[in-house]
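Listed below are the residues making up each chain.
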Amino acid sequence: MSTKPEKKKMSKDQILIFFLQNRAFLLVLIFVTLLTIFTNTFFTKGNLISLARQISANGIIGVGYTFLLASNSVDLSAGYMMCMIGIISGLLSQSAISFPIILAVCCIVGIVCSSWNAAVENKFNLPPFLVTLAMQQIFRGTLMLLSNGSPIPNLHKGIIFMGQGYIGPIPFSVLLMLIFIVIGHIIFSRTQFGRNVIAVGGNPEAARVSGINVEKTRVQVAALLGFTISIMALVSCGRVATAQTNLGGDTVMDIIAAVVIGGTPMGGGSGTVVGTLFGCLVIGLISNGLNLLKVSSYWQMVSKGVIILVAVILDVFSERIYDRMRNKE
Amino acid sequence: MKILEVNHISKNFYSTHALSDVSFDLMEGEVLALAGENGAGKSTMMNILLGSFPPTKGNMSLNGEPYEPKNPSDALGKGISMIHQELCLVPSMTVAENVWIGRVKNFMKHGLYDYRQCEAATQKLFDSYGIDVNPHETVKNLSTAQMQMVEIARAISYDSRIVIMDEPTSALSDKEVQVLYQIIRRLTAENRSVLFISHKLEEVFELADRVVVFRDGHMIVQRDVKGLTMNELINYIAGRKVDNIYPKQDLEKGEVVLSVRNLSKTGVYQDINFDVRAGEIVGFAGLVGAGRTEIMQGIYGIVVPDSGEVLVDGKAVRNRSPREALDNGIAMVTEDRLRQGVVKKMNVEKNMTLAYFYKVCNKLGFISQKDEDHDTEDMIGRLSVKTAGKDAPIWSLSGGNQQKVMIGRALMTQPKVLIMDEPTRGVDVGAKSEIYEYCNMMAKQGVAIVLISSDLPEVMGMSDRLNVIREGKIVARHDRNEASAEQIMAEMFGLRGENHVN
C-alpha cells in the first residue's frame, strides 16, 4: 500500500536531481528566451559578442576556482590578488619591458601568492576562509602602495590585445576562455590530478590513507588558481586599457556564484568546468539583460545577490535530496 | 517493582542486524550491568532507550506504561538520563553551568541569570555526593577525571529514575572510582535504578545486582550476579560459536615478508615485535583502545611511530605516509569505513581505484579509462560485489558490498602485506564469510595478512597465529587452536597474571 506513492516520489526526486544538476544550462535557456522576447537588442551580433567578452575574464578564473571549490576550499583574496597583479602589469608596462616578461612575472606572482595561501592553510591547519580573508587585506594594501591609489593607464599593447584583440571574427579573450575551459575540463575529468582533487574534496582522510598527498594536491590546486587569476588580471585590465585599483571586491562574489550555479558544490567532492561556463553566462546575462532592460545598476546588485542565495540554497537542497535517496536505499 | 521492561527489541541498519529479539527488565533501586564484547549491541540498546533512534521491532514500557522516546531530551523528561562515554561538556563554561545546562532559568534573579545561585546549588549537589570539584572552575581547566565527575553530577542532577552509565570509570583514577561507587550506592538507596555498561568485569561483580550479557546483538542471559563466577561470565560473553563458519585453510608458509621490530610510540604502544610470513594470517585481538589500530597506523604511515623498524622482505623501509607504505608493498583496509574509507560522492569505480589509479596514468597524468574500467570490472567480478555497475554511486551499495569495494581498493595495489582492520564490522553474515574467503584467496597467492578484529571467534578462527594486545603491548602470543577463547578473553581484559612476551 505504501510502496506506490513512495515509488512515485523516488522518480520525482530523480527528476528534481536532473533539473538541479543542469540548473545553469536551464537558467541560461530561460534568460535567453526571456531577453529575446522582451528586448529587440539582445539577439544582435554586437550584443552577443559584448556578452561573451564580458564573461571571458570570469570564465578563465572560473576554471581555477572550480578546482578550488571541488577540493573543498575557498579563496576570498582572489579579487584583490587579481587587482594587484593588474597593477604590477601596469607598472611593468611603464618601462620598456617586453610582453613575455610581463606575462611571466604576472603569472609567477599569481602562482606564488596563491600557493602561499594554501601553504599557510596546510602548515597551521587553518580554514581557507580565514587565511584568505587576511590575505585579501594584504593584497589590497599592497596594490594601493604600489599604485599610490590611482589607476595606471598606458598598458603594454600585448595586454591590450589580450583584452581587446580579435583573431578573425572572434575576440581573443573569448578564444582564451574557451581554451581554458576545454583544457580545464580535460584535466578535471581525465587526469590523475583531477581525480586527486575530487578525492581530497570528497574525503581527505580516505584520500590520504589511499596514498594521495593531500597537502601537495591543495598547493597544486592553488597554483592552478593563481595562474588563472594572473591571466584574468591581464585580460580584464586590457579590456579597459587601464590597471584598475577597485575591481577586487565584486570579482570573488561573481566567481563563487558562477561556479556554484554551474554545479560545483560548496562542500567539494565533485565539480564541472563546463558547468562553470554556464554559471558565468548566467551571471553575465543578469548584467547584460538588466542593462538592456534599462534597469538601475543597483537592482543588478540586488538580483545578483538573490541569484547567489538561490544557488547556494539549491546546492544544499540537492544534497538533501541525495541524502533522502540514500536513506531509501 | 519493575521500572523498565524491554520486550523483543530488534534493530536493523540496512541489512545488518544490530539487535535481534532482546528482552530484559530493570527493577527499582537495582544496579543492572550490561556486559558484552565491542559491537555486541550494548550501545545500540542504550541509544534505543534514549530515543536516539527507534527500534525496528519490539516495544518498551516504563513504570508499566508504553515508552516510546522520540529523542534524548524526551527520554530525559520521562526520567532516563545518561552519562556518556565520550565527554559532552562545553569547555568554555564553568562547572556549575555545565551541570545545569539547559536549566539556567532556575537561577534567575530580577530576570537575569545569577551565577552565584547556580554555583551554590552545584556545591550543595557536590557536597551531598562527595564530589570534589570547584563549581566556579572553567571546564577546560579540569582533568579528564574531573570532567567525568561533572558529567556524572549532571546526569544525577536531573533526579531521573534511571541513570545509564556507559563505561563511567574508564577515565577515572582509583579515588574517583570509589566516589562513583558511593554515588551509585546512594542512588540505589534512593530507590533509583542504574544501568551500568563496563568492560571491567570486576566492577560488574562489585557493583551490580544483576547482569545482562549481549553477544552478536542477542541477549544471552539475564541473571543475578550472586552465585556467578568470573569464568561463567566470560563464557557468556565469549560464547561458543560454530567453528566452521571460518573457512580457514592450512597453507604452506613462505619466507617472512613483514617484520616489525621494537615499534614504539610514547603513550600509545611500546616495543611491538612480530613477523608475518607469506601466506600466513596473523591476528591481533584486544579491546578497542588497546592500541591495535594505532600500531597498524604506525606501520602504514598514517601516524608515524617514534622508534622501531619495519622490514619488508628483509629490507628496512620507512613509511612516513600511506603513499610510502603502498610503494613498499603494504596496503591497509582501514577500520573506519565512513571516515577513512568511502568517498561518498564518488562512484564504485573511482572508490575502488582510489589507491591504484595513478598506476594506469601515462607520463602526462592522463588516466587510461580503458585500463581502469577493465581492472575495476575484473575486481568487481573477483570479489562478487553486488552493484548495479561500476558507475553506480557508492552509497547505493549495502555496507557489506561497500566493504568489498574497500578491500578491492587495497587488493588493486597488489600488496605483499595486507593489513585488515576490522574488515567485517557492520557487515552482514553472508558478506562476512565472503571476506574470509578473500583472506584465504590472498594468503594462497602468498600475501602476508594482518587481521585485526574485535570479534574474538573471528580472529581466532581465521588466524594462523594470534597476538593479544593490551594497553599498547603484546601481552600474549598463541599458535592456532592453542588457547581457548576464555584464556584469550582473560588476557585481553588483563585478568590473569600473564607474562610479557617480546
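Residues numbered from 1 in each chain as written. Chains lettered and ligands numbered in written order. Predicted model: local features only at pLDDT ≥ 70, side-chain atom pairs only at ≥ 80, totals over all residues.

## What to know about the overall build of chain B
Turning to step 1, where the next piece is worked out: If you tally the helices and strands in chain B, you get 17 helices and 22 strands.
Turning to step 2, where the next piece is worked out: The C-alpha radius of gyration computed for chain B amounts to 25 Å, which stays within 12% of the reference 23 Å derived for 502 residues, consistent with globular compactness.
Turning to step 3, where the next piece is worked out: Over its C-alpha atoms, taken along the principal directions, chain B stretches across nearly 75 × 50 × 45 Å.
Turning to step 4, where the next piece is worked out: Expressed as a percentage of the 502 residues in chain B, the buried residues total 47%.
Turning to step 5, where the next piece is worked out: Pairs at least 24 apart in sequence give 67% of the contacts found in chain B among residues at least 6 apart. (Helix = DSSP H or I, 4+ residues; strand = E, 2+ residues; numbered from the N terminus. Rg over C-alpha atoms; globule rule 2.2 N^0.38 Å. Buried ≥ 20, exposed ≤ 12 C-beta atoms within 10 Å, placed from the backbone. Contact = placed C-beta atoms within 7 Å.)

## Some words on the overall build of chain A
Turning to step 1, where the next piece is worked out: Summing up its helical and strand segments, chain A has 14 helices and 2 strands in all.
Turning to step 2, where the next piece is worked out: By the compact-globule yardstick of 20 Å for 329 residues, chain A fits well, its C-alpha radius of gyration being 21 Å.
Turning to step 3, where the next piece is worked out: Summarising its shape, the C-alpha atoms of chain A cover approximately 80 × 55 × 35 Å along the three principal directions.
Turning to step 4, where the next piece is worked out: By the burial criterion, 46% of the 329 residues in chain A qualify as buried.
Turning to step 5, where the next piece is worked out: Long-range contacts, defined here as pairs at least 24 residues apart, represent 81% of the contacts in chain A between residues at least 6 apart.

## Notes on the environment of Val-259 of chain A
All names here are of chain A.
Turning to step 1, where the next piece is worked out: Structurally, Val-259 is set in helix α12 (residues 248–262).
Turning to step 2, where the next piece is worked out: Val-259 sits 52 residues away from Ala-311 along the chain, and the two C-alpha atoms are 9.6 Å apart.
Turning to step 3, where the next piece is worked out: When residues no more than four places from it in sequence are discounted, the contact partners of Val-259 are Gly-62, Tyr-65, Thr-66, Leu-69, Thr-264, Thr-276 and Gly-279.

## Quick look at the environment of Ile-435 of chain B
Residues and elements named next belong to chain B.
Turning to step 1, where the next piece is worked out: The residue Ile-435 is located in helix α15 (residues 429–444) in this model.
Turning to step 2, where the next piece is worked out: Spatially, the C-alpha atom of Ile-435 lies 41 Å from that of Asp-209, the residues being 226 residues apart in sequence.
Turning to step 3, where the next piece is worked out: Non-local contacts of Ile-435, meaning those with residues more than four positions away in its chain, are made with Gln-403, Ile-407, Pro-423, Thr-424 and Val-427.

## Describing helix α13 (residues 369–382) of chain B
Residues and elements named next belong to chain B.
Turning to step 1, where the next piece is worked out: Across its 14 residues, α13 extends 20 Å between first and last C-alpha, which sits within 8% of the 20 Å expected from 1.5 Å per residue.
Turning to step 2, where the next piece is worked out: Inspection of α13 places Glu-372, Asp-375, Thr-376, Met-379 and Ile-380 among the buried residues, and these make up the whole buried set. The arc enclosing the buried residues of α13, seen along the axis, measures out at 140°, which places them on a common side. When the buried face of α13 is taken as reference, the exposed residues oriented beyond 90 degrees from it are Lys-370, His-374, Asp-378 and Gly-381.
Turning to step 3, where the next piece is worked out: For α13, the secondary structure elements touched by its buried residues are α12 (348–352) and α14 (399–412).
Turning to step 4, where the next piece is worked out: Just downstream of α13 lies Ser-384, where phi reads positive at about 35°. (Expected span 1.5 Å × (residues − 1). Arc of directions from axis to C-beta.)

## Focus on the nonpolar core
Turning to step 1, where the next piece is worked out: Of all hydrophobic cores here, the largest spans 228 residues; its most connected members are Phe-196 and Ile-449 of chain B.
Turning to step 2, where the next piece is worked out: In terms of residue count, the dominant contributor to this core is helix α11 (residues 214–240) of chain A (12 residues).
Turning to step 3, where the next piece is worked out: If we ignore the near neighbours within four places in the chain, the residues touching Phe-196 of chain B are Val-31, Leu-32, Ala-33, Leu-34, Met-165, Leu-207 and Ala-208 of chain B. (Core = buried A, V, L, I, M, F, W, Y, C linked by C-beta atoms within 7 Å.)

## Quick notes on the domain arrangement of chain B
Reports often express the size of an interface as the amount of accessible area lost when the parts come together.
All names here are of chain B.
Turning to step 1, where the next piece is worked out: Domain boundaries assigned for chain B yield domain 1 (2–79 + 160–238), domain 2 (243–329 + 417–502) and domain 3 (338–414).
Turning to step 2, where the next piece is worked out: Once you take the C-alpha centre of each, domain 1 and domain 2 turn out to be 32 Å apart.
Turning to step 3, where the next piece is worked out: With 12 residues of domain 1 at the contact, the number on the domain 2 side is 13 residues.
Turning to step 4, where the next piece is worked out: No other element matches helix α8 (residues 230–238), which puts 5 residues into the side of domain 1 that touches domain 2.
Turning to step 5, where the next piece is worked out: Residues that form the side of domain 1 that touches domain 2 fall into these classes: 4 nonpolar, 7 polar and 1 charged. (Domains from an automatic or database assignment. Nonpolar A, V, L, I, M, F, W, Y, C, P; charged D, E, K, R; others polar.)

## Quick look at the interface of chain B and chain A
Turning to step 1, where the next piece is worked out: In this assembly, 25 residues from chain B lie in contact with 20 residues from chain A.
Turning to step 2, where the next piece is worked out: Broken down by secondary-structure element, the contributors of at least two residues to the side of chain B that touches chain A are α10 (322–327) and α11 (337–341) of chain B.

## Things to note about the sheet that holds strand β20 (residues 448–452) of chain B
Residues and elements named next belong to chain B.
Turning to step 1, where the next piece is worked out: Pairing within the open sheet is mixed, and its 6 strands lie in the order β18-β19-β20-β15-β21-β22. Two strands close off the open sheet at either side, each with one partner strand: β18 (330–333) and β22 (473–479). Each adjacent strand pair in this sheet contributes to an overall mean axis angle of 20°, direction not counted.
Turning to step 2, where the next piece is worked out: Where helix α9 (residues 292–300) meets the sheet, its contacts fall on β15 (281–285), β18, β19 (417–421), β20 and β21 (465–470), and the angle it forms with β19 comes to roughly 150°.
Turning to step 3, where the next piece is worked out: Helix α17 (residues 485–493) rests against β15, β21 and β22 of the sheet, and its axis sits at about 30° to β21. (Pairing = 2+ DSSP bridges. Axes fitted to C-alpha atoms, helices over the stretch in contact; angles between N-to-C directions.)

## Observations concerning the sheet that holds strand β17 (residues 315–317) of chain B
Residues and elements named next belong to chain B.
Turning to step 1, where the next piece is worked out: With respect to topology, 4 strands assemble into an open sheet ordered β14-β13-β16-β17, the strand pairing being antiparallel. Bordering the open sheet on either side are β14 (269–277) and β17, each of which pairs with just one other strand. The mean inter-strand angle of the sheet, taken between neighbouring strand axes irrespective of direction, is 20°.
Turning to step 2, where the next piece is worked out: The strands that α9 touches are β13 (256–265), β14 and β16 (307–312); relative to β13, the one it contacts most, it runs at about 115°.

## A look at the packing of helix α3 (residues 45–70) of chain A against α11 of chain A
All names here are of chain A.
Turning to step 1, where the next piece is worked out: Contact geometry for α3 and α11: axes closest at 8 Å, N-to-C directions at 170°. Between α3 and α11, the angle falls in the class roughly antiparallel. Residue-level contacts link Arg-53, Ser-56, Ala-57, Ile-60, Ile-61, Val-63, Gly-64, Tyr-65, Phe-67 and Leu-68 of α3 to Val-221, Leu-224, Leu-225, Phe-227, Thr-228, Ile-229, Ile-231, Met-232, Val-235, Ser-236 and Arg-239 of α11.
Turning to step 2, where the next piece is worked out: Split by residue class, the contact of α3 with α11 holds 15 nonpolar, 4 polar and 2 charged. (Parallel < 35°, antiparallel > 145°, perpendicular 65-115°, else oblique.)

## Observations concerning the pairing of β13 of chain B
Residue and element names in this part refer to chain B.
Turning to step 1, where the next piece is worked out: In terms of strand pairing, β13 meets β14 through 6 bridges, oriented antiparallel. By the bridge assignment, Val-260 is partnered in β14 with Phe-274.
Turning to step 2, where the next piece is worked out: Summarising the sheet, β13 and β16 pair through 5 bridges and their orientation is antiparallel. When the bridges of β16 are listed, Ser-264 appears paired with Ser-307.

## Concerning the environment of Arg-337 of chain B
Residue and element names in this part refer to chain B.
Turning to step 1, where the next piece is worked out: Mapped onto the elements, Arg-337 comes out in helix α11.
Turning to step 2, where the next piece is worked out: Along the backbone, Arg-337 and Lys-42 are 295 residues apart, and their C-alpha atoms lie at a distance of 21 Å.
Turning to step 3, where the next piece is worked out: Leaving out residues up to four positions away in the same chain, Arg-337 has contacts with Val-342, Gln-402, Gln-403 and Met-406.

## Overview of the confidence of the model for chain B
Residue and element names in this part refer to chain B.
Turning to step 1, where the next piece is worked out: Across chain B, pLDDT averages 87, with 96% of residues at or above 70.
Turning to step 2, where the next piece is worked out: Here residues 497–502 is modelled with pLDDT under 50, and outside its nearest four sequence neighbours on either side it reaches 10 contacts, counting other chains as well.
Turning to step 3, where the next piece is worked out: For this predicted complex, the interface score ipTM comes out at 0.85, alongside a pTM of 0.79. (pLDDT = per-residue confidence, 0-100.)

## A few points about helix α1 (residues 42–50) of chain B
Residues and elements named next belong to chain B.
Turning to step 1, where the next piece is worked out: For α1, a buried count of 7 out of 9 residues is recorded, marking the element as mostly surrounded by other parts of the structure.
Turning to step 2, where the next piece is worked out: Listed as buried for α1 are Lys-42, Thr-44, Met-45, Met-46, Ile-48, Leu-49 and Leu-50.
Turning to step 3, where the next piece is worked out: At the C-terminal side of α1, Gly-51 shows a positive phi close to 80°.

## Examining the pairing of strand β12 (residues 218–224) of chain B
Residues in a regular strand point their side chains to alternate faces of the sheet.
Residue and element names in this part refer to chain B.
Turning to step 1, where the next piece is worked out: Judged from the 6 bridges that link them, strand β11 (residues 210–215) and β12 form a sheet pairing that is antiparallel. Its bridge partner being in β12, Val-211 is matched across the sheet by Arg-223.
Turning to step 2, where the next piece is worked out: Between β11 and β12, which pair antiparallel and follow one another directly, the connecting turn spans 2 residues, one of which, Asp-216, has a positive phi of 50°.

## Describing unusual backbone geometry
Turning to step 1, where the next piece is worked out: We note that Lys-294 of chain A has phi near 60°; this positive angle belongs to a residue other than glycine.
Turning to step 2, where the next piece is worked out: For Asp-271 of chain B, which is not a glycine, the phi torsion comes out positive at approximately 50°.
Turning to step 3, where the next piece is worked out: As for its position among the elements, Asp-271 of chain B is in strand β14.
Turning to step 4, where the next piece is worked out: Here Asp-271 of chain B falls in the partly exposed class, since 15 other C-beta atoms lie within 10 Å of it.

## Describing the confidence of the model for chain A
Turning to step 1, where the next piece is worked out: For chain A, the average pLDDT comes to 89, and 95% of its residues sit at 70 or higher.
Turning to step 2, where the next piece is worked out: Scored below 50 in pLDDT, residues 1–8 of chain A makes 0 contacts in the model with residues more than four places away or belonging to other chains.

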